[in-house]
Amino acid sequence: TNATIVQAPGKVMEDATIVISEGLITALGTNVSVPDFAEVIDGTDLFVYPGFIDGMSYTGANRPESMERPNNLFSPDPPNDYAGITPEKHVIEQIEANESSIESLRKAGFTISHTVPYGRMLPGSGALLLLKNATHPDELALKNDVSMYTQFVGAPGAYPGNTLGIMAKFRDLYTNAEYSRNHALSYQKDPTGMARPARDRVLEAFYPVVAKEKPIYYNASTTLTARRAMKLQKELGFNLVLGNLQQGWELADEIKNTNTKVFMSLELPSEPKASREKDKSDEVKQLEQRQSEFYKKYITQYAELRKAGIQFGFSTIDIRSNDVKKNIKTLIENGFTEDDALAALTINAASILGIENVTGTLEKGKLGNLIVTKGSYFEDDSQIKYSFVDGDKFEFDTTEKKEHNNRNRNSASYSELIGSWAYAFTSPEGENTGTMTFSLQDGMLEGVMTSDDGSPDNDLHNISFVNNELSFDFDVDAGGQSINIVVEGTVTGNEYEAEASIAAFNMSFPILATKEAPEQ
């Protein structure tokens, strides 16, 4: 009661009441009768928004173990499970009802996630999950089998192992599925004189895609991968959604001409810092200029795509949930508006996912999915106090907390960490060695990673050091694509043992580091 209710972007009611009963919004307005049996929340100084909708992520899913390389593998034609061609599978098989990412994303304001499965080329179909508490995955499912998820990730040492092979294999599967479906329909209509259709679960999984009853969601973060996905769409004619798009500033016309739907990534690169060198070479100056230009293109593209008339949603597949609001604020500071942001988080996402009739705005008869904030969500110091998912209430602690992990601690608290650490790890690119250096600046931990191979230094972000648990992330450039690497592990004395994970490539690897003795 007495709240500011933001029904949709630009549609606001002051001193209003919203009633939720049996999972639905049953009334809202400024002249609403409150049922006698209702639990009443005083909404003075509170804002009510539609619950946010995540367009594509792995929320709630557990990464299965990759199939081991078979003995005597025939690499031109490996088993489908090894090649990652399993479109007949469903993400619900990977979901754990109590998986921690469900709660994390809910705390960030999201109430629904379009969750896709882990895997390689064709991992399976996605589902719409309600981000609430449950004892079984089926209780979370708002809608199953809503998408076919695919990506340009091949099988190690086997076909299709590279991008060209993946595109060729996809064309082959899709075309064979068309023939198979036509044969099955003809046989169903009149089987006289016809050979019985052979059953093929992989091809049958394509039937609703061929019939344009189910879209294909491509994990296409770069301009090049997005264009490849749109090329396949143009050739084959399926309904396409680009998910996790990070580099779309050159694609506005192509997206509009192909009627492609888009979920932009909410992961943003870190703003580049100028080198501290006094006498910079021309090469260093040019590199810094290119980095600055890339960053500017990246963070302003969201506003530019909106100006071009493209209605997109957001994907959280590569972002930590506690960075969501910070990144949205960065977009708003660079031409995006608050209404644009709210639309991407709610009505745009609902429309692309085909659930605008049940959620995305606050209206009578729609799902009781909403968030309640202390102050406008877009204010720097606002906090989410309540989240309602399918009518279930979740309350969050909004008391002022000391940021014990990075702030308000003296240097003695970080004595184990501050200094230089020699690291080593083996990634798919080979062995890597170098130094990680941690320091304390104005009460905040800062870090930088320097590689022995002479590549540019990488700033470390989101550094947390609590109870000897150290985590951070950093971005690397891989052929023009920004790849985020998350590192989590434990410091024991002068040793750091951790695991580095790359969500974009569905892989992880160990990393070890040893603290170096300070120079005398």
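Asker: Go over the pairing of strand β5 (residues 52-57), please, and point to the residues and values.
Answerer: Across the six residues of β5, six count as buried, placing the element largely inside the fold. Inspection of the sheet shows β5 paired to strand β6 (residues 110-115) by four bridges, in the parallel sense. Among the inter-strand pairings, S57 is bridged to a residue of β6, identified as T115.

Asker: Explain the sheet that holds strand β4 (residues 46-50) to me, using residue names and the numbers behind them.
Answerer: Pairing is mixed in the open sheet, where seven strands are placed in the order β3-β2-β1-β4-β13-β14-β15. Each of the sheet's edge strands pairs with one partner strand only, and the pair in question is β3 (24-29) and β15 (392-395). Sheet twist, expressed as the average angle between the axes of neighbouring strands with direction ignored, equals 35 degrees. Note: strand β1 (residues 3-8) against strand β2 (residues 11-21), four bridges, orientation antiparallel. From the neighbouring strand, I5 faces β2, where its bridge partner is M13.

Asker: Break down the environment of F263 for me, with residues and values.
Answerer: Residue placement: F263 occurs in strand β11 (residues 261-265). For F263, a relative accessible area of 0% gives the class buried. Sequence spacing of F263 and A344 is 81 residues, and the spatial spacing of their C-alpha atoms is 8.5 Å.

Asker: Just give me the short version of the pattern of salt bridges, but keep the residues and values in it.
Answerer: By the definition in use, this model includes 16 salt bridges. Where K329 meets D380, a salt bridge forms, and the shortest distance between an N and an O atom there is 3.2 Å. Residue K329 is located in helix α8 (residues 324-332), and its partner D380 is located in the loop between β13 (370-374) and β14 (383-389); the two are separated by 51 residues in the primary sequence. Connected via shared salt-bridge partners are R171, K231 and E235.

Asker: Give a description of the layout of surface pockets that names residues and reports values.
Answerer: By volume, the second largest pocket is sized at about 510 Å³. Surrounding the second largest pocket, 25 residues form its lining, I18, I20, E39, I41 and F388 being those nearest its centre. Put simply, the parts of the chain that give the lining of the second largest pocket at least two residues each are β1, β2, β4, β13 and β14. Counting residues per element, the lining of the second largest pocket draws most heavily on β2, which supplies six residues. Looking at the lining of the second largest pocket residue by residue, the classes come out as 18 nonpolar, five polar and two charged.

Asker: Go over the packing of aromatic side chains with me, naming the residues and quoting the values.
Answerer: Tallied over the entire structure, the rule returns 28 aromatic pairs. Here the aromatic rings of Y49 and Y377 are separated by 6.4 Å at their centres, their planes lie at 70 degrees, and the arrangement is edge-to-face. In this pair, Y49 is assigned in strand β4 and Y377 in the loop between β13 and β14, connecting sequence segments 328 residues apart. Exposure class is identical for Y49 and Y377. Each is buried. Pairing Y174 with F238 gives two aromatic rings, centres 5.9 Å apart and planes at 55 degrees, and the pair type is tilted. Here Y174, found in helix α3 (residues 163-189), pairs with F238, found in the loop between α5 (223-236) and β10 (240-245); they are 64 residues apart in sequence, far enough to count as distant. Across the pair, F238 and Y174 agree in class, each one buried. One Lys or Arg, R106, reaches over the ring of F394 and ends 3.9 Å from the middle of that ring. Looking at K325, its charged tip hangs above the ring of Y377, at a distance of 5.4 Å from the centre.

Asker: Talk me through the nonpolar core; I want residue IDs and the actual numbers.
Answerer: Grouped together as the largest cluster of nonpolar side chains are 100 residues, with contacts concentrated most on F170, Y218, F238, F312 and F314. When neighbours within four sequence positions are excluded, F170 is seen to be in contact with M121, L122, F206, I216, Y218, L232, L236 and F238. Residues F438, L460, V491 and A498 belong to the second largest nonpolar core, which totals 26 residues.

Asker: I'd love a proper account of the pairing of β14, names of residues and values included.
Answerer: Burial analysis of β14 places six of its seven residues in the buried class, which makes it a mostly covered element. Bridge analysis of β13 against β14 gives five bridges, and the strand direction is antiparallel. Note that in β14 the partner of V372 across the bridge is Y386. Examined bridge by bridge, β14 and β15 share four bridges and lie antiparallel to one another. Looking at β15, one finds that S387 is bridged to F394. If you look at the hairpin formed by β14 and β15, you'll find two residues sitting between the two strands, and D390 has a positive phi there, around 55 degrees.

Asker: For α3, give the residues involved together with the corresponding values.
Answerer: Between its terminal C-alpha atoms α3 stretches 39 Å, which fits the 39 Å expected from 27 residues at 1.5 Å a residue. Within α3, the full set of buried residues consists of G165, I166, M167, K169, F170, L173, Y174, A177 and S180. Considering only its buried residues, α3 is in contact with β8 (141-151), α4 (201-210), β9 (216-219) and α5.

What counts and what doesn't
Residues numbered from 1 in each chain as written. Predicted model: local features only at pLDDT ≥ 70, side-chain atom pairs only at ≥ 80, totals over all residues. Heavy atoms only, no water. Buried < 20%, exposed > 50% of the residue type's maximum accessible area, 1.4 Å probe, protein only. Helix = DSSP H or I, 4+ residues; strand = E, 2+ residues; numbered from the N terminus. Pairing = 2+ DSSP bridges. Axes fitted to C-alpha atoms, helices over the stretch in contact; angles between N-to-C directions. Salt bridge = Lys/Arg side-chain N within 4 Å of Asp/Glu carboxyl O. 1 Å grid on protein atoms, 1.4 Å probe; cavity = no way out; pocket = protein on both sides within 12 Å on 5 of 7 lines; lining within 4 Å. Points joined across faces, edges and corners; volume = space filled by probe spheres on them. Nonpolar A, V, L, I, M, F, W, Y, C, P; charged D, E, K, R; others polar. Phe/Tyr/Trp six-rings, centres within 6.5 Å; stacked < 30°, edge-to-face > 60°. Lys NZ or Arg CZ within 6 Å of the ring centre and 35° of its normal. Core = buried A, V, L, I, M, F, W, Y, C linked by side-chain atoms within 4.5 Å. Contact = heavy atoms within 4.5 Å. Expected span 1.5 Å × (residues − 1).

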